[in-house]
Each structure stands twice: as C-alpha cells, then as structure tokens.
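Chain by chain, the residues:
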Amino acid sequence: AQSVTQLDSHVSVSEGTPVLLRCNYSSSYSPSLFWYVQHPNKGLQLLLKYTSAATLVKGINGFEAEFKKSETSFHLTKPSAHMSDAAEYFCVVPYGGSQGNLIFGKGTKLSVKP
Amino acid sequence: EPEVTQTPSHQVTQMGQEVILRCVPISNHLYFYWYRQILGQKVEFLVSFYNNEISEKSEIFDDQFSVERPDGSNFTLKIRSTKLEDSAMYFCASSVRDSYGYTFGSGTRLTVV
C-alpha cells in the first residue's frame, strides 16, 4: 500500500530565505507523487507532480521537488520564500501508485515572517 | 483556466437534517470525486464516480452518503441525516482520467450544530 509521511507539521521561515518541506513515501514500486497547496479559505491547488519522466520536477511559483528513490523522499524546496507562500502544503500519492484515489499526508503549515 | 465550482461555500445545518453539497466539474472531465477534511486532520477520500456509477468508496462513505450526477453537469453529495462528526470541509474534484490531472474545487465548509 502507498503512504506518505510529512515530517514537519509546521515550518517557519523568514522572507527571502530557502524553504524545505519534507516528505517521505512508502511504496513497493515507483509511485507518482504530487504536492498540493492550500491557501487559507481556498481549494487545493496542484503545485507539481512527479510521474517518472524526470527526478527533478519544477512546479508553479518557483517551487521544485526532487524524487530520490534511494531515500524514498520527495522534498519540496524553494530558493527564496515570499510572504504569499504562507499556506498548507500536502504531499500526495495515488492509492495504486500511479492510479487510483489520492492519499494525502497530514500537511505542513508554512509560515513566512517578514 | 477551467475551474471546479462548489456551492455553497459554507453551510450550517442542524443535526439530523439532510444536506446536499453541489459541484460543477470541468466540462470534459470524466471522473469525479469527493474528499473531506475534518478540521486539523488529513484530507480523506470519500468516493469516486465514473460513467454514472460509483467506482470506489471509502469506509467513511456509508449508507448516509450518496452521490448523483443528475443532469450531466452537476455532481452532488447528499448526506441523509447529518451528525456532528460530519462537520468538515468537503472538496469536489474532477479529472480527465483516473487520478490524472485532478482539479479540486475550493470546498464547502459544512457545520453541523
């Protein structure tokens, strides 16, 4: 069965500093993986997705994530945080690895200090 | 950019009442889903719907829940007799094919009092 673990429930950074949101996955084979973002009172927006084409995936708003099979990780990074990045971020895997319904991590709340 | 539209954005209902949450998926999408997020908890899968029938449902989706696509554009979630623990944010989503290219709506916050 697929699962994801987000290692931090809350991350706080200063504006202009790098962002690192950690996610580890558990899978018996190479899964598809996604990062979604939820701004306050908004829906879930797809940030980026990994589907085995390239291990470094670039998403919207300057975010990227690297799939590392040896570490079973899919950490989300951004070189320089902006105030508008403050939101909740979810690491997500499809139930069947590449198809099926989505399994969400618990989420990481990102705070950005001025 | 195409959107999934959910109405209402917030609904308050009394325990035991029936409630219908409405969603308009993206027009060329074929798969439809409901997820929910209880405050402070994970987003959880409820049900998926394809070709006018439920294709998969979770343990949460018991006999109190039903889904319908009544007119080819709307996709509804009905809770027959609401309980306090049904209070949550309910997200509708649609996709072109199974689990690919999901688009989520902005959610309906259901409060059962």
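For the structure itself, look to the data block above.
Residues numbered from 1 in each chain as written. Chains lettered and ligands numbered in written order. Predicted model: local features only at pLDDT ≥ 70, side-chain atom pairs only at ≥ 80, totals over all residues. Heavy atoms only, no water.

Points about the interface of chain B and chain A
Thought 1: Counting residues at the interface gives 16 residues for chain B and 17 residues for chain A.
Thought 2: For the pair chain B and chain A, the summed buried area comes to about 1500 Å², and 54% of that belongs to carbon and sulfur atoms.
Thought 3: Between chain B and chain A we count zero salt bridges in total.
Thought 4: Counted by class, the side of chain B that touches chain A contains eight nonpolar, five polar and three charged residues. (Contact = heavy atoms within 4.5 Å. Buried area = accessible area lost by both parts, 1.4 Å probe. Salt bridge = Lys/Arg side-chain N within 4 Å of Asp/Glu carboxyl O. Nonpolar A, V, L, I, M, F, W, Y, C, P; charged D, E, K, R; others polar.)

What to know about the packing of aromatic side chains
Thought 1: Tallying each qualifying case throughout the model produces 22 aromatic pairs over all chains.
Thought 2: Centre to centre, the rings of Tyr36(A) and Phe104(A) are 6.1 Å apart; their planes meet at 40°, and the pair counts as tilted. A residue pair is termed long-range when its members are at least 10 positions apart, and Tyr36(A) in strand 5 (residues 33-38) and Phe104(A) in strand 11 (residues 102-104) qualify at 68 residues. Each member of the pair Tyr36(A) and Phe104(A) is classed as buried.
Thought 3: Ring centres of Phe49(B) and Phe75(B) lie 5.3 Å apart, and the angle between their planes is 40°; on these two criteria the pair is classed as tilted. Taken together, the residues span a long stretch of sequence, with Phe49(B) in strand 5 (residues 43-50) and Phe75(B) in strand 8 (residues 75-79) at a distance of 26 residues. Across this residue pair, the class does not change: Phe49(B) and Phe75(B) are buried. (Phe/Tyr/Trp six-rings, centres within 6.5 Å; stacked < 30°, edge-to-face > 60°. Helix = DSSP H or I, 4+ residues; strand = E, 2+ residues; numbered from the N terminus. Buried < 20%, exposed > 50% of the residue type's maximum accessible area, 1.4 Å probe, protein only.)

Points about the state of the cysteines
Here is the idea: a disulfide is a covalent bond, and it sits between the sulfur atoms of two cysteines.
All names here are of chain A.
Thought 1: Taken as a whole, this structure holds two disulfides over all chains when the rule is applied.
Thought 2: The residue that forms a disulfide with Cys23 is Cys91, at a sulfur-sulfur distance of 2.0 Å. Since a negative S-S torsion denotes a left-handed disulfide, the Cys23-Cys91 link at about -65° is left-handed. Within this pair, whereas Cys23 is found in strand 4 (residues 23-26), its partner Cys91 is found in strand 10 (residues 87-94), the two being separated by 68 residues in sequence.
Thought 3: Under the relative-accessibility criterion, Cys23 is labelled buried at 0%. (Disulfide = S-S within 2.5 Å.)

Some thoughts on the pattern of salt bridges
Residue and element names in this part refer to chain A.
Thought 1: Taken as a whole and judged by the stated rule, the model has five salt bridges over all chains.
Thought 2: In this structure, Arg22 and Asp8 form a salt bridge, with 3.0 Å as the shortest nitrogen-oxygen distance. Taken together, the residues span a long stretch of sequence, with Arg22 in the loop between strand 3 (19-21) and strand 4 and Asp8 in the loop between strand 1 (3-6) and strand 2 (10-14) at a distance of 14 residues.
Thought 3: The class of Arg22 is partly exposed, set by a relative accessible area of 33%.

Remarks on the environment of Pro94(A)
Thought 1: Mapped onto the elements, Pro94(A) comes out in strand 10.
Thought 2: Considered as a pair, Pro94(A) and Leu33(A) are 61 residues apart in the sequence and their alpha carbons are 7.3 Å apart.

Regarding unusual backbone geometry
Thought 1: The step from Thr7(B) to Pro8(B) runs through a cis peptide bond, and the omega angle for that step is -10°.
Thought 2: The phi dihedral of Asn61(A) falls on the positive side, at around 60°, and the residue is not glycine.
Thought 3: By secondary structure assignment, the location of Asn61(A) is in the loop between strand 7 (56-58) and strand 8 (64-68).
Thought 4: Judged by its relative accessible area of 47%, Asn61(A) falls in the partly exposed class.
Thought 5: Even without a glycine there, the phi angle at Asn52(B) is positive, about 65°.

Structural notes on the pairing of strand 3 (residues 19-24) of chain B
Residue and element names in this part refer to chain B.
Thought 1: In strand 3, alternate side chains face the same way, and those of Val19, Leu21 and Cys23 are buried while those of Ile20, Arg22 and Val24 on the opposite face are not.
Thought 2: Summarising the sheet, strand 1 (residues 5-7) and strand 3 pair through three bridges and their orientation is antiparallel. Across the sheet, the residue bridging to Thr7 is Arg22, located in strand 3.
Thought 3: Pairing of strand 3 with strand 8 involves five bridges; the strand directions are antiparallel. Paired with Arg22 across the strands is Thr76, a residue of strand 8. (Pairing = 2+ DSSP bridges.)

What to know about the nonpolar core
Thought 1: Counting 26 residues, the largest nonpolar core has Trp35(A), Leu76(A) and Tyr89(A) as the members making the most contacts within it.
Thought 2: The element that contributes the greatest number of residues to this core is strand 10 of chain A, accounting for four residues.
Thought 3: Not counting chain neighbours up to four residues away, the residues in contact with Tyr89(A) comprise Gln6(A), Leu21(A), Trp35(A), Tyr36(A), Val37(A), Leu47(A), Phe63(A), Leu76(A), Gly107(A), Thr108(A) and Leu110(A).
Thought 4: Counting residues in each nonpolar core, the second largest holds 22 residues, with Val19(B), Ile26(B), Ile38(B) and Phe75(B) among its members. (Core = buried A, V, L, I, M, F, W, Y, C linked by side-chain atoms within 4.5 Å.)

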